[in-house]
Amino acid sequence: MERTTTAGDLLQLIRAGQVVTRADLQRHTGLSRTAITSRLAALADLGLLTEAESTATGGRPAGRLRFSPGAGLVLAGAIGRSRIQLAVCDLDGTALVSSSHDHEVSAGADAAMQFVGDEFAALLAQLSPGGQDQGRIWGVGLSIPGVVDIDKGASVDSPVLAGWDGIPLAPYLQHVTSAPVVVGSDCQALAVSERDGHLREVRDLLAVKASTGFGLGVVVDGRLVRGHRGGAGEIGHVKVDAAAGLPCRCGDSGCVEAIAAGWALVQQLRARGDDVAHVREVVARAQTGDAEARALLRESARRLGEVLADAVTLLNPEAVVVAGDMGAAFDVYAAGLRESLYSRASALATRDLKLLPATHGERAGLVGCARLALDQVLAPAAIDALLTR
Ligand SMILES: [Zn+2]
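Residues numbered from 1 in each chain as written. Predicted model: local features only at pLDDT ≥ 70, side-chain atom pairs only at ≥ 80, totals over all residues. Heavy atoms only, no water.

(A) The arrangement of the overall build of the protein chain in detail. Helices and strands together make up the secondary structure of the protein chain, namely 14 helices and 14 strands. Rg of the C-alpha trace for the protein chain: 23 Å, near the compact-globule value of 21 Å for 389 residues, within the 12% margin. Here the protein chain holds 389 residues, and the buried ones make up 50% of them. Pairs at least 24 residues apart make up 62% of the contacts formed inside the protein chain by residues separated by at least 6 positions. For the protein chain, the exposed surface amounts to about 17800 Å²; the carbon and sulfur share of it is 49%. Placing the 37 positive and 44 negative side-chain charges of the protein chain at their respective mean positions leaves the two points 5 Å apart. (Helix = DSSP H or I, 4+ residues; strand = E, 2+ residues; numbered from the N terminus. Rg over C-alpha atoms; globule rule 2.2 N^0.38 Å. Buried < 20%, exposed > 50% of the residue type's maximum accessible area, 1.4 Å probe, protein only. Contact = heavy atoms within 4.5 Å. Areas by Shrake-Rupley, 256 points an atom, 1.4 Å probe, with all protein chains shown as cover. Lys, Arg positive; Asp, Glu negative; His and termini not counted. Charge placed at Lys NZ, Arg CZ, Asp CG, Glu CD.)

In C-alpha cells, the structure reads:
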C-alpha cells in the first residue's frame, strides 16, 4: 500500500515550489479537499505557511501557498582549522546575523566549543535583546574538518583535530538550545551548500576542497553520501605511487596528501629554505603571477586530479566544485585538475563535466551548515513528528 501523503510531504512540495495553490495540491497528491484543509491548518499552526489571497477571475479566490521561513531559526557553525564562522539563519537558510573569528582548533574541543556556544548566545542576543528567539531555534548545523561520526556528532580520528576525537559536540550547546545538532564534515557542508547555489538542480556532484589537506563531498542522486563509517570522501588518503614511503599526517604513508596537499607544499618549500608558514601565502604569490607558485599549485592539482579521476569515472558527476585555500586560485588549480581528469577519467564521464568554483565562496561552509540542519528539521518525517507531539 502506498504511504499517505502527510502534512510534512505537503510542506516539502510547497517549499520546492512544485505547487502553489490548494487545487495544485489536490491534483498533485490525490488527497481530498478536507484532507488538504486539515493538513494545511496544522502547518499554519506551526507558522510554516501563509496563504495570500489572490484575485482570481471568477469563482473562489485561489490563495497562493507560501512557506514562511520566519517560523523558526537554525544556527550554523563552520569550524575550520584556524577560523570559526557562525550565523543565525531563518528556515530558508538566510543568515540574519553572522560573525567570523580567528581561532586555532588545535587548542582542543573544549576551548573551541565553549567559544562557539558563547558566540551563538551573543548572536542571538544581537538578534533579539530580550532573548525571545532562543525558543525559536529548530536545529543546529556544525561542520568540522575530517571524518565525522554522525550518530555521535563527533570527530573521528582526525589528524587535524587533535583532542576532539570521539567528543560529542552537542552538549557544549546545551545552554543555548536543546534543538537537534547535526554535525558534518567541512566537505559535506561544502557539497550541500550548492543546494542553495548555482547547482541546486544538479543531482550528482563532487565538491573537492584543496587546502592544507584534501577532502571530497559526494552527492549522488541528490543525496549526501557519508559512507558506512562517515569516511566517504577521504580522498587525501588514497595511496599513490609517487608518494610511496612519504609519511602522511594521518599516520600512514604514501597518501596523495603527502606530495600534493597544502601542508606538504609548505614542508617542501621550507626544506628549500623558504620560510613560508601557510599554503595561503603560496596562493597569494600565485595570484600575483609568481611562476614558481603557479607551477606548484598546478602540480598539486594534477596529483589530486589523478585520484579525483577515479571518483569521476566511478560516479559520473555532472559537476565538480573546486574550493579551499588552493582552490581559491581557481584558474590555475582547475587547469591542473582538468589535465589529469581528461587524461585519466573515462571519456563519457568527462564529456560535459563542469568544473566550477563554489557558489558561496568563503561562506560556502556556513551556508552548508544551515542546509545540513534544515534538511533534517524540515524533512517530512520531522515535521509530522512535530505535529503529533
Ligand atoms: Zn594520509
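Okay, back to it.
(B) Fine view of the pairing of strand β13 (residues 319–323). Within β13, five of the five residues are buried, leaving the element largely enclosed by the surrounding structure. Burial along β13 is two-sided: Ala-319, Val-321 and Ala-323 facing one way and Val-320 and Val-322 facing the other are all buried. In the sheet, strand β10 (residues 205–210) pairs with β13 via five bridges, with the strands oriented parallel. Among the inter-strand pairings, Ala-207 is bridged to a residue of β13, identified as Val-321. Sheet topology note: the β13/strand β14 (residues 354–357) ladder contains four bridges and is parallel. Paired with Val-321 across the bridge in β14 is Leu-356. (Pairing = 2+ DSSP bridges.)

(C) Up close: the domain arrangement of the protein chain. Taken domain by domain, the protein chain holds domain 1 (7–67), domain 2 (72–190 + 366–388) and domain 3 (198–358). Its C-alpha centre places domain 2 at a distance of 26 Å from the equivalent point of domain 3. Taken together, the contact between domain 2 and domain 3 spans 15 residues of the former and 19 residues of the latter. Residue Asp-186 is joined to Lys-209 by a salt bridge in which the shortest nitrogen-to-oxygen separation is 3.4 Å. Counting every contact that joins domain 2 to domain 3 gives three residue pairs in polar contact (both at pLDDT 80 or more). Of all the elements, helix α5 (residues 186–193) adds the most residues to the side of domain 2 that touches domain 3, at four residues. Class assignment for the residues of the side of domain 2 that touches domain 3 results in 10 nonpolar, three polar and two charged. (Domains from an automatic or database assignment. Salt bridge = Lys/Arg side-chain N within 4 Å of Asp/Glu carboxyl O. Polar contact = N/O pair within 3.5 Å; in protein donor to acceptor, adjacent residues only side chain to side chain. Nonpolar A, V, L, I, M, F, W, Y, C, P; charged D, E, K, R; others polar.)

(D) Layout of the coordination of the zinc ion. Within the protein, His-237 (ND1), Cys-248 (SG), Cys-250 (SG) and Cys-255 (SG) serve as the donor atoms for the zinc ion, at 2.0 to 2.3 Å. Taken together, the four donor atoms coordinating the zinc ion and their angles of 106 to 117° define a geometry best described as tetrahedral. Residue classification places His-237 among the buried positions, given a relative accessible area of 18%. (Donors = N, O, S within 2.8 Å, 3.2 Å for Na, K, Ca; no water. Tetrahedral: all angles 85-135°; square planar, octahedral: opposite > 155°, others 65-115°.)

(E) Structural context of the pattern of salt bridges. Enumeration over the complete set of coordinates arrives at 18 salt bridges. For Arg-195, the salt bridge goes to Asp-375, with nearest N and O atoms at 2.3 Å. Residue Arg-195 is found in the loop between α5 and β10, and its partner Asp-375 is found in helix α13 (residues 364–377); the two are separated by 180 residues along the sequence. What makes Arg-195 partly exposed here is its relative accessible area of 27%. For Glu-292, the salt bridge is made with Arg-272, and the minimal N-O distance between the two is 2.7 Å. With Glu-292 in helix α9 (residues 291–315) and Arg-272 in the loop between α7 (262–271) and α8 (279–287), this pair connects stretches of sequence that are 20 residues apart. With relative accessibility at 41%, the residue Glu-292 sits in the partly exposed group. Judged by its relative accessible area of 52%, Arg-272 falls in the exposed class. Look at the salt bridges and you will find they share partners, linking Arg-298, Glu-299, Arg-302, Arg-303 and Glu-339 into a network.

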